[in-house]
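Chain residues, written in single-letter form:
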Protein chains: 2
Amino acid sequence: MNQTRRPSLELSRGNKVFPQKGPRVTSYDVAEHAGVSQSAVSRCFKPGASVSKKMRDRVMKAVTEMGYQPNAMARSLITRRTNLVGVILSEFTSLHHPEVLFELNQSFSNRGEHILLFTVHRERDIDEMIELVFQYQVDGVVIATTLSPERVDWFEERNLPLVFFNSTIRNRSVNAVFCDQDAGERELVNALINAGHKSFGIISGPEDSLVSIQRTAGARDHLGELGFDNVPVFQGDYSYESGQRGARELANRFKAKLDAIICANDVMAIGCMDTLRKEFSLKIPGDISVVGFDGIAPAIWAGCDLTTIRQPMKQMSEAAVDIIMERVNHPDKAPETRVFTGVMHNGSSARLS
Amino acid sequence: MNQTRRPSLELSRGNKVFPQKGPRVTSYDVAEHAGVSQSAVSRCFKPGASVSKKMRDRVMKAVTEMGYQPNAMARSLITRRTNLVGVILSEFTSLHHPEVLFELNQSFSNRGEHILLFTVHRERDIDEMIELVFQYQVDGVVIATTLSPERVDWFEERNLPLVFFNSTIRNRSVNAVFCDQDAGERELVNALINAGHKSFGIISGPEDSLVSIQRTAGARDHLGELGFDNVPVFQGDYSYESGQRGARELANRFKAKLDAIICANDVMAIGCMDTLRKEFSLKIPGDISVVGFDGIAPAIWAGCDLTTIRQPMKQMSEAAVDIIMERVNHPDKAPETRVFTGVMHNGSSARLS
DNA sequence: TTGTACGCGTTATCAC
DNA sequence: GTGATAACGCGTACAA
């Protein structure tokens, strides 16, 4: 045996100062201990490599004895695969849609990928964050916020798979997975109108949320098509408190003349309901109906039992992961969009025929 | 100039097949483009390195022109710092305490660390997951589940900073951050008894949750000290549905004789309240009081307004991050435990004097 | 201040 | 099937 590099564990390390955590167990150490070459050790960790049973047993014995674990950094330096994916979420998604991250994690985990998590508070932080993600050589990125078209170019130049989650870029061919917000609102509006509701109010989400824009436009447009024009819109920000403010504003302005309030998400719908009940002593759905959108856990609970559209987050996550992994293995695949239809939860917050 | 290795960008790459995503821009490329040495480029990215303004300008110009980003993998291979921390959560924490991850992310982000996320569903998956985390050479690990003492040894042997979040290991000196569950339950019990409640029921969490054990024991013990023995306990699993089952079980067994139900978390408390109201037509807090523990967002909303103990998650997260980073910089620091006291939210789900 | 040379720990490519 | 050797992209003594 004639090892190159690293003549001996002690010698090569004895006179070197390591910044942290003492010496590591490397494949060289294992090789020495097992009396084989370093490449033999490496091969034992490569699935489908040609290595004899005798060799494998011998190596694996040394591996467990020394507690060796391959160094993912060194590996990915040469394989150009990190098995890391970046996930970028807004503060709101992170806090109010934990199931997104949970499901993404599950799906990625099943494919052997791990999540590097980033949460953006201020929209302008996103750029430096993306450069950070890139430094880690992630295999791909799932983003649940908006992104400048320039950044999308940037991803394309680097051939780095990118998929938008419940978001997209207008007039541009990108990978995207989302719930059909328009169809969902259409279904809600139809149900309300069929049940005889005649006057409506809308509580929208923040201006910079594409989802909110689509939901609000969907509700308003379809109401318009059916002859209900000039529907008042209160601009909220997705928060519980803004749902409360919206309820006060609409209830005060239109007194008892409002039949239904359509909210751009569940959290605001719950805030709206609570306030209509507490502060205006209105019966729901007797006096007024409230509908939301999302299908978050608390909205489905018996105490709320909100009428809403449940987004199929699990399927959506699986789809996002699928699109990413497809591009990781075939970098030149064309962009793809997968749209999912939400399922209406027929709660008790709306009087539906 | 006399560059070693990598004689020329095109030559060294032209006849090589790269598995993915085309050639990368490396510090060598930047060096060549700027007409300086590779180490000069490297130095420009090291804070506080001695480099002339002329050099820095020249390098940075080339950097932006070529869109160079340092490779974090290669860097950490040599610095032995990845700026990556592993965060291990249970499914329940992930889904019902999104603020934990959010706050951890914020705090780590401020310290220049990034989160590698792992969620454990089955308790037995945790071992292989930890080995995976280790392969990525994380600087430290925050874990919000239990862990075998052997694994804790394993962390110690490797001198890898580990901190338990709202969890710990019995009879062992480890880094831990948690909310004082016992004190919280004590406060709730005192408040209930002072308000004249005389008969109690408890809905506990899953058996393998240390937090649940502590909360349940805290409530029961303190009730016992005050002369209330043999308090019935229904074993739940933290879920909304188990809160409902607990409500049915306790209400059926003790009819109207129960004054208060103490739940090991908010989600079950909400399930319990909803069911007592809907299925047993009980007024809360008129007929019966319900208290929880956690202070999750939906519990505080007006519709629920649960009386509960709010855990100071932000401070707890900050503390966990602090403990980790302290150990990253000073590996031999002794284990430390930081305990936080929850704040009672005086909601309307309990009649308190 | 700048450049040279080496090593971090692994996989890939060859001979054997 | 196995071992030597060259990358991967970077940080850093050391010499200049």
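Everything discussed here concerns the structure shown above.
## Quick look at the packing of helix α2 (residues 27-34) of chain A against helix α4 (residues 53-66) of chain A
Residue and element names in this part refer to chain A. Packing of α2 against α4 leaves a shortest axis separation of 9 Å and a crossing angle of 120°. Between α2 and α4, the angle is such that the two are oblique. Where α2 crosses over α4, the handedness of that crossing is right-handed. Contacts between α2 and α4 pair Asp29, Val30, His33 and Ala34 from the former with Arg58, Val59, Ala62, Val63, Glu65 and Met66 from the latter. Here the residues of the contact of α2 with α4 sort into six nonpolar, one polar and three charged.

## Some points on the interface of chain B and chain A
Listed as interface residues are 47 residues of chain B and, on the opposing side, 46 residues of chain A. Of all the elements in the fold, those that place two or more residues in the side of chain B that touches chain A are α5 (72-79), α6 (91-96), α7 (98-110), β2 (114-120), α8 (126-135) and α13 (266-280) of chain B. Judged from the three bridges that link them, strand β2 (residues 114-120) of chain A and β2(B) form a sheet pairing that is antiparallel. Note that in β2(B) the partner of Ile115(A) across the bridge is Leu117(B).

## As for the relation of the copies chain B and chain A
For the pair chain B and chain A, the superposition axis carries a translation of 0.0 Å, the fit reaches an RMSD of 0.1 Å, and the rotation angle comes to 180°. The superposition of one copy onto the other is thereby described by a two-fold rotation axis. Mapped onto chain A, 98% of the interface residues of chain B are again interface residues, and the two copies thus contact each other with one and the same surface.

## With respect to the environment of Asp259(A)
All names here are of chain A. Its place among the elements puts Asp259 in the loop between α12 (240-254) and β8 (260-263). Sequence separation between Asp259 and Gly224 is 35 residues, and the spatial gap between their C-alpha atoms is 16 Å. Not counting residues up to four positions away in its chain, the partners in contact with Asp259 are His197, Lys198, Ser199, Phe200, Ile288 and Ser289.

## Focus on the sheet that holds strand β9 (residues 289-291) of chain A
Residues and elements named next belong to chain A. Across the sheet, which stays open at both edges, the four strands sit in the order β7-β6-β8-β9 with parallel pairing between neighbours. Lying at the two open borders of the sheet, with one neighbouring strand each, are β7 (233-235) and β9. Put simply, the sheet's adjacent strands are angled 15° from each other on average, direction ignored. Relative to β9, β8 runs parallel, the two being bridged by three bridges. In the sheet register, Ile262 faces β9, and the bridge partner there is Val291. Sitting on the sheet, helix α11 (residues 210-225) touches β6 (200-204), β7 and β8, and the angle it makes with β6 is about 165°. Against the sheet, α12 makes contact with β6, β7 and β8, and its axis sits at roughly 155° relative to β6, the strand it touches most.

Rules of the game
Residues numbered from 1 in each chain as written. Chains lettered and ligands numbered in written order. Predicted model: local features only at pLDDT ≥ 70, side-chain atom pairs only at ≥ 80, totals over all residues. Axes fitted to C-alpha atoms, helices over the stretch in contact; angles between N-to-C directions. Helix = DSSP H or I, 4+ residues; strand = E, 2+ residues; numbered from the N terminus. Parallel < 35°, antiparallel > 145°, perpendicular 65-115°, else oblique. Left-handed = near helix turned anticlockwise from the far one by under 90°. Contact = placed C-beta atoms within 7 Å. Nonpolar A, V, L, I, M, F, W, Y, C, P; charged D, E, K, R; others polar. Pairing = 2+ DSSP bridges. Least-squares fit on C-alpha atoms with pLDDT ≥ 70 in both.

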